[in-house]
Amino acid sequence: MQIALSVKNLTKKFGDFTAVNNISFEVEDGKFFSILGPSGCGKTTLLRMIAGFHKPTSGIIEIREKNVLEVEPNKRPVNLVFQNLALFPMMNVFENIAFGLRRRGEKGPEVDKKVNVMLERVGLPGYGKKQINQLSGGQKQRIAIARALVLDPTVLLLDEPLGALDAKLREHMKVELKKLQVEVGTTFVYITHDQSEAMVMSDYVAVMNSGHFEQLDTPQNLYSNPASSFVAQFVGNNNKFIVGLKKDESGNFYATTPEGGQFLLSEPFDLQDQGTFEMYVRPEAMIINPSQGNKAINELNADVKAILFDGGNSRLLVVPENSKQELIVALPQNHQFDYIKAKDKIRVGWYPESAVCFKKSEEKIYEEL
Amino acid sequence: MKNSKPHKIRWSFIIFFIPVALWLFLLIVFPHLELLKMSFTGTDFYGKSGFTLENYGEFFKEPIYWRTFARTALYSIFVTFIVLVISLPVTFYITKIAKIKSQGFLTILVLIPFWVSELIRVYGWIILLRESGVINKFLLKIGIFKVPHEMLYNDITMVMGLVYTSMLFMIVPIIGVMESLDDALIEAAYDLGAKKTTIWRKIIIPYVTPGIMSGSIIVFMLVLGSYLTPKLMGGKNALWFTEQIYNSMIIYFNWNQGAAFGFLLLLLSSLIIFVALKVTRQDFKEVVK
């Protein structure tokens, strides 16, 4: 497979602040690649360097194996879909999409044909004569993507283009965008802070935090095998336990909580560096009232504090015995657990393979964590 | 059906409206009506006054009048154009390139010269440019000039003076519009392959056209109706149509002639603004907003 975009040891400093810290990655032709990270992690800076709006402090950017660092943005074979879309209000839809083609010197029927094919492709045939302010949010979205795609870029860069849409439309556009990418086969590099957007659409996701990549993997692997405590917290929901580790005579590893709980782990750990660890168990990996006597399952007793009903995404808020820490447990809406009421006592269990454990990290992604 | 609802008298509206109406009527409408009447009045051989088109006829018969008229119109358009060409990069620099902290400072720098009267500003130029002025002395000293040159009293100096005195009135309206131009639009155009000149032509200028038009209208009317600058800096060779009006009314004491000239100037400015708005396809309401 040909490499569409290759970034090597890219660093960008603004004064003393390092926005992007020694990042390297490659994107194969025709893939949907996402960069996922909280705001301020440097993902926009990275994208703007690829587009050519920032000069990197050091490092190399190659597109189809050609170094593009000295190429101005208007000559690079990449196009950017802006966060606020940046459609030209002084032109109609047709002229917006034709803008790039005309800059290349294309004229007449050729431009007409390309624009109309593009409008058809984004599902807005016959919209050429409309003014930008006559379009809805989702339509503007599509026109902005059409305007960049019509130039047939090697890489299409998208800077959180769904951010401004309302929740329902965003869900819809996610699927649309993925379908469009598969159809046109262009390489997409998409940045977002929304993990669901990244997971649904991408072939590969890079999780970015304070200037570096924490993990670059398929969405499935990010979810099931997070490489760091940051990824475990940022991708999907997770319950965090502060634990210590110990090893028994038969070589099994256990996580121990300050309240005296002891949970089997599936992986060995290097116990040389003593200290506090963090164990993560996903709400959907938790089993409510597992069948009695299954030795393989870690169990704890807990009080149901509240039922957080949210349709298919319903959860239980539980507090383990002798503890103040709240846990979230997924509550399947298949009537199996209809008997559970607030203030009930239940047992919660999980398989050791479902838990991941990391050395306690200092950084926090959300203030409340 | 009878509208039985009695109209409530809106006293507050009347109280605030009366001064405006009086001001408009007494100071603008009434004198103009009087001048209009005057411009169609003439005294015949025997000293009897009556209706005549002679005042307007004089304008077309005497080449100096309509030549001054055409000269004034063309120079006003030219000055407006020069002011625009200088203002666009200046406003772009102030709103898009300068740091936010220095934006206010730069705007004040543009504004400060307008705290002193036009007369003082023009005298400032005279001190710099006259034969025994600062620039002549300096150039003589460093040896570029062998003898002092008179730099005042020609068309170039006059245009420069007019550009200087009207610059602010172009910059302020354009800054207002340029500030609302999203930087992403410029970047998007650049990203889509546009060169810098194309970005100016296709994105920036179309976007700020309402500002350009309102600035141009103000500058054009100011220049067309200015008296001090052309008189003091242009000297005898550079006649301005306002001087013709002044001469008719004050020197020759022919108020009827002056009134006719005044109306011709009013007609001219209205016509040129109307044409300019039509050509740039701008709505007058949009421009004065």
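Our subject is the structure listed above.
Residues numbered from 1 in each chain as written. Chains lettered and ligands numbered in written order. Predicted model: local features only at pLDDT ≥ 70, side-chain atom pairs only at ≥ 80, totals over all residues. Heavy atoms only, no water.

### Some points on the overall build of chain A
No. 1: Secondary structure summary: chain A contains eight helices and 20 strands in total.
No. 2: Counting only C-alpha atoms, chain A reaches 75 × 45 × 35 Å along its principal axes.
No. 3: In chain A, which comprises 369 residues, the share counted as buried stands at 49%.
No. 4: Intrachain contacts of chain A at a sequence separation of at least 6 include 66% that bridge at least 24 residues.
No. 5: Total accessible area on chain A is roughly 17700 Å²; 48% of this is exposed by carbon and sulfur atoms.
No. 6: For chain A, the distance from the average position of its 43 positive side-chain charges to the average position of its 45 negative side-chain charges is 6 Å. (Helix = DSSP H or I, 4+ residues; strand = E, 2+ residues; numbered from the N terminus. Buried < 20%, exposed > 50% of the residue type's maximum accessible area, 1.4 Å probe, protein only. Contact = heavy atoms within 4.5 Å. Areas by Shrake-Rupley, 256 points an atom, 1.4 Å probe, with all protein chains shown as cover. Lys, Arg positive; Asp, Glu negative; His and termini not counted. Charge placed at Lys NZ, Arg CZ, Asp CG, Glu CD.)

### What about the side chain of R142 of chain A?
All names here are of chain A.
No. 1: On the secondary structure map, R142 appears in helix α4 (residues 137-149).
No. 2: One buried charged side chain, R142, makes no salt bridge at all; its nearest oppositely charged neighbour is E176, positioned 4.1 Å away.
No. 3: In terms of polar contacts, R142 uses its side chain to reach the backbone carbonyl oxygen of V122, at 3.3 Å.
No. 4: If near-sequence neighbours (up to four positions away) are discounted, R142 is found in contact with V122, G123, L124, H172, M173 and E176. (Salt bridge = Lys/Arg side-chain N within 4 Å of Asp/Glu carboxyl O. Polar contact = N/O pair within 3.5 Å; in protein donor to acceptor, adjacent residues only side chain to side chain.)

### Quick look at the interface of chain B and chain A
No. 1: Each partner contributes residues to the interface: chain B has 17 residues there, and chain A has 23 residues.
No. 2: Buried area between chain B and chain A, summed over both chains or domains, comes out near 1800 Å², and the portion from carbon and sulfur atoms is 65%.
No. 3: Between chain B and chain A we count one salt bridge in total.
No. 4: Between E187 of chain B and R48 of chain A there is a salt bridge whose closest N-O contact spans 2.6 Å.
No. 5: At the junction of chain B with chain A, the criterion picks out seven residue pairs in polar contact (both at pLDDT 80 or more).
No. 6: Those elements that place two or more of their residues in the side of chain B that touches chain A are α8 (183-191) and α9 (196-224) of chain B.
No. 7: Among the residues forming the side of chain B that touches chain A, the class breakdown is ten nonpolar, two polar and five charged. (Buried area = accessible area lost by both parts, 1.4 Å probe. Nonpolar A, V, L, I, M, F, W, Y, C, P; charged D, E, K, R; others polar.)

### Comments concerning the environment of V90 of chain B
All names here are of chain B.
No. 1: With respect to the helices, strands and loops of the structure, V90 is situated in helix α3 (residues 63-97).
No. 2: V90 gets classed as partly exposed once you look at its relative accessible area, which sits at 29%.
No. 3: Linking V90 and L265, residues 175 residues apart in sequence, is a C-alpha distance of 31 Å.

### Overview of the sheet that holds strand β18 (residues 327-330) of chain A
No. 1: Spatial ordering of the open sheet is given by β15-β19-β16-β17-β18 (chain A), a layout of five strands whose pairing is antiparallel. Strand pairing shows two members of the sheet lacking a second neighbour, β15 (287-288) and β18 of chain A, which therefore form its edges. (Pairing = 2+ DSSP bridges.)

### So, the nonpolar core
No. 1: Core analysis: the biggest nonpolar cluster contains 108 residues, and L5, F25, L46, F88, L157 and V189 of chain A have the highest contact counts within it.
No. 2: By residue number, the principal contributor to this core is helix α7 (residues 155-179) of chain B, which donates twelve residues.
No. 3: Beyond its immediate chain neighbours, meaning those up to four positions away, F88 of chain A contacts N96, F99, I132 and R147 of chain A together with L185, A188, A189, L192 and I203 of chain B.
No. 4: Core analysis: the next-biggest nonpolar cluster, separate from the first, contains 27 residues, V304, F337, V348 and A355 of chain A among them. (Core = buried A, V, L, I, M, F, W, Y, C linked by side-chain atoms within 4.5 Å.)

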